[in-house]
Amino acid sequence: MNRVLLYGLFLLAILFAIEVVAEEPEAPARQPVVSGYIKDAETGEVLLGATVYEKESGLGTASNLYGFYSFSTPEGEKTLVFSFMGYVSQEHRIRVEGDHSLTVSLAPKVAELNEVKIYGNNSHTRLDDPMMGVQRIHADVIKQVPALMGEVDAIKVLQLMPGVQAASEGSSGFSVRGGNPDQNLVLLDEAIVYNAGHLMGFFSVFNNDAIRDVNLYKGDIPARSGGRLASVLDVRMKDGNSKKLSATGGIGTISSRLTLEGPLGSEKTTFILAGRRTYADMFLPLSSDEAVKDNKLYFYDFNAKLNHTFSDRDRIFVSGYFGRDVFDNNSSRMDFGNRTLTMRWNHVYSPRLFSNMTFIHSNYNYLLGNESSDVEGFEWKADMQDLSLKADFNYYLNPNNEITFGAQSIYHNIVPGHAKGTGSSSIFNELKMPASHSLEHALYAENKQKISPRLTLRYGLRWSVFQNMGKATSYGFDQDYEVTDTMNYEKGEVYNTYQGLEPRLGITYMLNDQTSLKASYSRTRQYIHLASNSTGTTPLDVWFPSSPNVKPQISDQISAGIFRHFLNDAFDVGVEVFYKEMQNSIDFKDYADLLLNELLEGELRFGKSQAYGVEFLTRFDYGRWNGWVGYTWSKSQRKMSGIIEDDWYFSPYDHPHDCSVVVNHRTSQRVSISANWIYYTGSPVTFPVGRFESRGDILPIYSKRNAERMPDYHRLDVSLTLKGKNRPERKWESEWVFSVYNAYGRKNAWAINFQQDEDDAYKTKATKLYLFSVIPAVTYNFKF
């Protein structure tokens, strides 16, 4: 409890210091500050990462996560240049005599195909930014990539980037630089999403019509974020069009969607509503098969956001996501879904100090049931909830120093399972797994400092604290993982605490205007973990916290790279090398019992792991062509106590070679063609490699863990987009998208099963299970 008190006092001290900084009299020699927001001229949406610089001095800054910028400059006549990739730059001539507020709206560039021109790509690497391993993707880029069943998907596009692989074919789970899927922190408007998949993971929960920006931080994670080892996926919803009421939607092979956005009364208040639903279940009643016609199989999701601007100093946002998957037939049922709620208040204390206060609620739950009879009917429920408070601040000390700092607290409540019989004569006894309660706190500070025109540093420190709370029962285990003692704790009692520092460091050196060298180091800690026996995450996976028996996982990663722009930013080339070492890594013993097991911690095995590799990425946006080519060579392995004699073995997500090619070609104003090709080395697996006879039975002998490999994976996807005629007087815009997933019909192995030959017991058959062959899709998109 002393640490909780210390944390509270530390937080109060920070808030008090903020008030002092915001209210203290200005020193006479203080330079004036120019500040404001950078927005999209067509929609009024703020632009994240847009740049502003002063022509006279060459100094400048970039807008933060909420579109706000600030920098100080001497008094006098100034020429300010505002720019953002994919938008027309603007120059503003102003006279600075004191603090000056200036909000600028940039117009998107319009592609013209009557001659070859170069167009910027807002996903390009910022050469001077001391942040590595960042993949930024705009919603417009996501829309261009061919997709499974016509459903464009942010996560599926990220899986085409170097260092990022799908956990399994079609899965929205992903591995970053050899890490587990649970080592990725997935955020939607700052709220944690614990299961980002629909239809067993084949589609993600992110409706592309409702999202604005997608940023993936691979290992080099900003100090403001933590709690995961591998990456942070930060997805931001649109704020809503403040200029006019508009609608966007589509009718596809698998689902339909509709998005409405616009102002409410005035430009100060905007909203966005986005819904999506599959409708295959609507056709099931037409089936002549009685076993099929009563089935239900669908998902839906709904995004909503409301924001209001009180003044240039205050804005509030309320956003939410609600999604559900339902599988139901005459005998069994499964459904699962996420709910998130984010309430934010942006406040400008002074031209130098910007704050964002956030309250967040996240919930993930699932149900599995069998209603076949009064005897065999059962129901199993699980639920996890987070309540979080955050305070984030940007302090623009001077043109050479941009400081971010803040605090966060999360309350985790996990109910891993409650199973009971549902029939009057049920054979099942009620089993209720004890809930786990925990607190996760963090304080952080980070500074981006420009040492010279060529050298920029980013250095920061995050202090994280994790506490287990009662009501709870904790078990002690001996070296054979047998229970030795039991400890019971009262409700609200803190009985275990972990804490540690997480330093972050980044450096950029500009060799010239087109080339930079970067290096970084980061330490991260993870306190919430996932129990899963499969590489592809499933809705029934079990999350569990660190505890007296489960230490937090710790990762140290170093990386370095060279980045260069060619031909007026038309080509963006980067090469990164990385090395990651992890402590207290978690794996499971052979034949582990993970579901509804009070002694789950006895199934775990602990050790260390490492991953290293090199990533190449070339983006291009030249004339009628755009896309990227990525390649990764990497290795990921583990060494666990009690597994294959404590020797090293491959991680399930070790893919030595991973290559992706994405190409989009605008053949005319109305026609564009897109294609992507993917190849990666097959995943490590454990296969039977021999057999022996025991008492007349033929039994398999298995290889060491993950010593064999699945066949290599590759496929080609293509799509054709036909836009309607562009008529200035016509408000309705539409397009047809024809796509083919796995165009050459590669039967990629999803699983390989081994069975004893029915005619010869000394022979074993291998059977390949694949999910997809050629899948065509048609989608009609519209906007008005």
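Residues numbered from 1 in each chain as written. Predicted model: local features only at pLDDT ≥ 70, side-chain atom pairs only at ≥ 80, totals over all residues. Heavy atoms only, no water.

Time to look at the pattern of salt bridges. On inspection of all chains with the given rule, the structure shows 38 salt bridges. For Glu45, the salt bridge identified is with Arg212, shortest N-O distance 3.0 Å. Remark: Arg212 occurs in strand β16 (residues 211-218) and Glu45 occurs in the loop between β1 (33-40) and β2 (51-54); sequence separation between them is 167 residues. In this structure, Asp335 engages Arg324 in a salt bridge whose closest nitrogen and oxygen atoms are separated by 2.6 Å. Taken as a pair, Asp335 in strand β23 (residues 332-350) and Arg324 in strand β22 (residues 314-328) lie far apart in primary sequence, eleven residues in all. (Salt bridge = Lys/Arg side-chain N within 4 Å of Asp/Glu carboxyl O. Helix = DSSP H or I, 4+ residues; strand = E, 2+ residues; numbered from the N terminus.)

Attention shifts here to the nonpolar core. Formed by 79 residues in total, the largest nonpolar core has its most connected members in Phe174, Phe206, Val214, Leu233, Tyr366 and Trp628. Val52, Leu80, Tyr87 and Leu106 belong to the second-largest nonpolar core, a separate cluster that totals 16 residues. (Core = buried A, V, L, I, M, F, W, Y, C linked by side-chain atoms within 4.5 Å. Buried < 20%, exposed > 50% of the residue type's maximum accessible area, 1.4 Å probe, protein only.)

Here we take up the sheet that holds strand β12 (residues 184-188). Judged by pairing direction, the sheet is mixed, and its five strands sit side by side in the order β9-β16-β17-β12-β13 without closing on themselves. Strand pairing shows two members of the sheet lacking a second neighbour, β9 (134-138) and β13 (191-192), which therefore form its edges. In terms of strand pairing, β16 meets strand β17 (residues 231-237) through seven bridges, oriented antiparallel. The residue bridging Val214 from the neighbouring strand is Val235, located in β17. (Pairing = 2+ DSSP bridges.)

Once that is clear, we can look at the packing of aromatic side chains. Scanning the model with the defined rule gives 30 aromatic pairs in all. Between Tyr612 and Trp633, the ring centres sit 6.1 Å apart and the planes meet at 50 degrees, which makes this aromatic pair tilted. In this pair, Tyr612 is assigned in strand β38 (residues 604-622) and Trp633 in strand β39 (residues 625-640), connecting sequence segments 21 residues apart. By relative accessible area, which is 35% here, Trp633 ends up partly exposed. Consider the rings of Phe687 and Phe754, whose centres lie 5.0 Å apart with planes at 65 degrees: the pair is edge-to-face. Here Phe687 is found in the loop between β43 (684-685) and β44 (688-694), whereas its partner Phe754 is found in strand β49 (residues 749-756), with 67 residues between them in sequence. Given the relative accessible area of 33%, Phe754 is considered partly exposed. An aromatic cluster is defined as three or more aromatic residues linked by ring pairs; in this entry it consists of Trp732, Trp736, Phe738, Tyr780, Phe782 and Phe784. Directly above the aromatic system of Phe578 lies the positively charged group of Arg177, at a separation of 4.5 Å from the ring centroid. The ring of Tyr481 has Arg605 sitting right over it, with the charged end atom 3.6 Å from the ring centre. (Phe/Tyr/Trp six-rings, centres within 6.5 Å; stacked < 30°, edge-to-face > 60°. Lys NZ or Arg CZ within 6 Å of the ring centre and 35° of its normal.)

The next subject is unusual backbone geometry. With an omega dihedral of 15 degrees, the bond running from Gly470 to Lys471 counts as a cis peptide bond. Inspection of the secondary structure assignment puts Lys471 in the loop between β29 (455-469) and β30 (472-477). Even without being a glycine, Tyr481 presents a positive backbone phi close to 65 degrees. Residue placement: Tyr481 occurs in the loop between β30 and β31 (483-489).

A few words on the confidence of the model for the chain. In the predicted model, the chain carries a mean pLDDT of 86, and 91% of its residues have values of at least 70. Within the model, pLDDT remains below 50 along residues 1-28, and this stretch shows 26 contacts once partners closer than five positions in the same chain are excluded. Taken together, the stretch residues 113-123 has pLDDT below 50 and engages in 36 contacts with residues farther than four places along the chain or on a different chain. (pLDDT = per-residue confidence, 0-100. Contact = heavy atoms within 4.5 Å.)

With 15 bridges joining them, β22 and β23 adopt antiparallel strand pairing. Its bridge partner being in β23, Ser319 is matched across the sheet by Thr342. In sequence, β22 turns back onto β23 through a hairpin of three residues. Pairing geometry for β23 and strand β24 (residues 353-370), over 18 bridges, is antiparallel.

Taken across its seven residues, β17 has seven buried, putting it largely inside the fold. On β17, burial covers both faces: Ser231, Leu233, Val235 and Met237 on one face and Val232, Asp234 and Arg236 on the other are all buried. Taken together, the five bridges between β12 and β17 define a ladder with parallel strand orientation. By the bridge assignment for β17, Asn184 is matched with Ser231.

Bringing the side chain of Ser70 into the picture now. Relative to the assigned elements, Ser70 resides in strand β4 (residues 68-72). Judged by relative accessible area, which is 2%, Ser70 ranks as buried. Here Ser70 is in contact with Val33, Val34, Ser35, Thr61, Pro351, Arg352 and Tyr396, once residues within four sequence places are set aside.

This brings us to a nonpolar patch on the surface. Taken together, Leu258, Leu260, Leu273, Phe302 and Phe322 make up a surface patch of nonpolar side chains, about 390 Å² in accessible area. One can find Leu258 in strand β19 (residues 255-264). (Patch = residues over 30% accessible without salt bridge, like charges linked within 9 Å, V, L, I, M, F, W, Y side chains within 5 Å. Areas by Shrake-Rupley, 256 points an atom, 1.4 Å probe, with all protein chains shown as cover.)

Our next topic: the environment of Asn329. Within the secondary structure layout, Asn329 lies in the loop between β22 and β23. Taking the relative accessible area as the measure of exposure, Asn329 reaches 32% and is therefore partly exposed. Counting along the chain gives 32 residues from Asn329 to Leu297, while the straight-line C-alpha distance between them is 8.7 Å.

Strand order in the open sheet formed by four strands is β3-β2-β5-β6, with antiparallel pairing between adjacent strands. A strand with exactly one partner marks an edge of an open sheet, and here the two such strands are β3 (60-62) and β6 (90-96). Averaged over all pairs of adjacent strands, the angle between their axes in this sheet comes to 20 degrees, without regard to strand direction. Looking at chain direction, β2 and strand β5 (residues 76-83) are connected through four bridges and run antiparallel. Counted as the bridge partner of Glu54 is Leu80 from β5. (Axes fitted to C-alpha atoms, helices over the stretch in contact; angles between N-to-C directions.)

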